[in-house]
Amino acid sequence: MEVYRQVVTIRFAELRIREHVEKEGFGGFWHPGIGQEGLQVGAVSAMQDDDYLYYAHRGLGYAYAKGMALEALFGDLLGRRTGSTGGKGGGTVHFADASRHVLGQGGTLGSSFVMGAGTAAASQLLGDGRVTVVFFGDGASGRGTWHEAALQASVWKLPVVWICENNGWALSARFTEQSPTEHVADRAAAYGMPGVVVDGQDAMAVHDVTSEAIDRARRGEGPTLVEAKTLRIRGHYEGDRQPYRDDPVLGDEIPDDPVHRLGEDIADDVRRGIEAEARTLVEQAFDAALAAPRADRSVIFEDVWA
Amino acid sequence: MTTTGTATTGTATSTETDRVIGYSRAINEALAEEMRRDERVWMMGQDIGRLGGVFGLTRGLLEEFGPLRVRDTAINETFIVGGAAGAALAGTVPVVELQFADFLFTAADEIFHKLAKWRYMHGGQFTMPVVVRLPSGVVGGAGAEHSQSLETIAMHVAGLKVAVPATPADAKGLLKAAIRDPDPVLFFEHKGLYRVKGPVPESDEHVVPFGSARIARPGADLTVVATGLMVDRAVAAAEQLAPRGIDVEVIDPRTLVPLDIDTIVASVERTHRLLVVHEASRTAGFGAEIAAQVQERAFFALDAPVWRVCGTDTPLPQDPELEQACIPSTDDIVTAALALAAI
């Protein structure tokens, strides 16, 4: 039920952002995560509160599921002072919440591989029992940083879990044209770690395999590579017409929609209640973010140094 | 950050008797003392454990602190630096070694993007207390990809602090300051100085603050700003020039970010002439930056243009004699100072 509440909230947030991008001629890039909410919430729900999260750039589902406030996330998107980055975000990539152990993201894909392994090395040194979860896309799986991070994490048995959201596309490049193997997870064997493929539209299945991987990491048995198969519903960014795509552009149709799947077992009236509540929460948070002050030029000199 | 610092004479920071030890030993002591002081401090790099580092800087540390705090890695610079960035976010203080400063290009994304910008990009929510130790400069035939002086490149990307110790006392005191600093520090150790000995205070609290230039030799007629291996050559040049009636002041900035420009400007206002000496290639080197800042701030104090004596705009040849021809010699500094003083 809580998973459903989160997934529905994120879906409404995705739709609200899309509406804003379409109507307001939004100046930044929004990489929609619509259709991938199920795997994001499924995986994050397997984490403990003080486990560390490196999210990927598609959507805000991970961060919300890890406990970040919607208003802060929207504030980042809109360049508002109330955003988690204090107004320097102005896009979708660099939100963070130290108190929720959401450690942020780099602008270069795959940089979280090595950083995540390092965070896990710190946990191993401190003996704090925390696990680091690193999300990435099938596109980022091409980076050499993967090799260095996976190699060292496996040798040192670091408490880190890698979760690939394989939606089949790296901007205009099909995964099948970028990978000699059918699955990203096939690469795990080279590093002596388990590689697990799971249906990314099935939130509870993702939850289960992630739980197992996190437990393994916490026991000191090292990393796991989880590959959640999903679909890219919209373009690389909202507004991308995808001229490179030779299969039908999916638009609003979400095959095997994780939201519907989770809702199947919930009584209609309960489900409608959750949805109404989620819609209100999203609208209020978005309105509050829109009403918040924009950051002025003085922020550019903040936070260069501690 | 402040760029105003206090000029000191470098060694007179302890009341205890200074011992004479090597630059390498001073770095090793700084590492050991800081790891004893703060158990969050740890190290990783290639061959730093059992071997004690390719230059022997980390000898004995694995034995004292164990394999969790002194960690040998694979050949994986992106992990060494990027992993340090991630480990800093989780509350530890990583001090990592790249075997040669040149390898900062193999970890460029991690150094120039992750270390330098993570705090800024995320609204100041994180600190990035990482030290990257970078054996730097010519050492005798190490070749074009193992001999560069890249400190200027580190200066150009906002968010990194840059230390360039020239003496054993500063190697120790600046490294301790770097480890205690909440910001990322690129620590350029000159390989050619590793065997140089000098007085180093006994005290555990011998910490040299960043942004405090050292007047290596006081003088009245001409200011020379030099770093690293060039400081000793500048002082040697000054000794040759003294009998010829030119009293040279040598200033060692010790850190380039933050830069103690106040001490340099104050010196130029007394001497009215400035020569900047660096081992790095001339074009767009930090000498150009110092020259620009001094003419902005002290144009009317200058009796002559600011000159530079620098490394050549070439890759460094591997032959030990040829590589010396590519970096400033004491004679080069003497010649330039004589010409500048005559203007």
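Look above for the structure.
Remember, predicted model here, so these are calculated numbers, not experimental data.

What counts, and at which threshold
Residues numbered from 1 in each chain as written. Chains lettered and ligands numbered in written order. Predicted model: local features only at pLDDT ≥ 70, side-chain atom pairs only at ≥ 80, totals over all residues. Heavy atoms only, no water. Contact = heavy atoms within 4.5 Å. Buried area = accessible area lost by both parts, 1.4 Å probe. Salt bridge = Lys/Arg side-chain N within 4 Å of Asp/Glu carboxyl O. Polar contact = N/O pair within 3.5 Å; in protein donor to acceptor, adjacent residues only side chain to side chain. Helix = DSSP H or I, 4+ residues; strand = E, 2+ residues; numbered from the N terminus. Nonpolar A, V, L, I, M, F, W, Y, C, P; charged D, E, K, R; others polar. Pairing = 2+ DSSP bridges. Axes fitted to C-alpha atoms, helices over the stretch in contact; angles between N-to-C directions.

A. Structural context of the interface of chain A and chain B. Taken together, the contact between chain A and chain B spans 41 residues of the former and 41 residues of the latter. Roughly 3400 Å² is buried in total at the junction of chain A and chain B, and carbon and sulfur atoms are behind 65% of that figure. The largest per-residue losses of area from chain A upon contact with chain B belong to M115, L125 and W305 of chain A, which jointly make up 23% of the total buried on that side. Taken together, the connections running from chain A to chain B amount to one salt bridge. As a salt-bridge pair, D303 of chain A and R119 of chain B come within 4.0 Å of each other at their nearest N and O atoms. Counting across the chain A and chain B interface gives 17 residue pairs in polar contact (both at pLDDT 80 or more). Elements represented by at least two residues in the side of chain A that touches chain B include exactly β1 (52-54), α5 (111-126) and α6 (144-156) of chain A. In terms of residue count, the dominant contributor to the side of chain A that touches chain B is α5 of chain A (11 residues). A per-class count over the side of chain A that touches chain B returns 21 nonpolar, 14 polar and six charged.

B. Examining the sheet that holds strand β5 (residues 131-136) of chain B more closely. Residue and element names in this part refer to chain B. Read across the sheet, seven strands follow the order β3-β2-β4-β5-β7-β6-β12 without closing on themselves; strand pairing throughout is mixed. Either end of the sheet is taken by a strand with one partner, and the two such strands are β3 (70-72) and β12 (255-257). Geometrically, the sheet is characterised by an average inter-axis angle of 20 degrees between neighbouring strands, direction not taken into account. When strand β4 (residues 93-97) meets β5, the two strands line up parallel, connected through three bridges. Following the sheet pairing, E97 is matched in β5 by R133.

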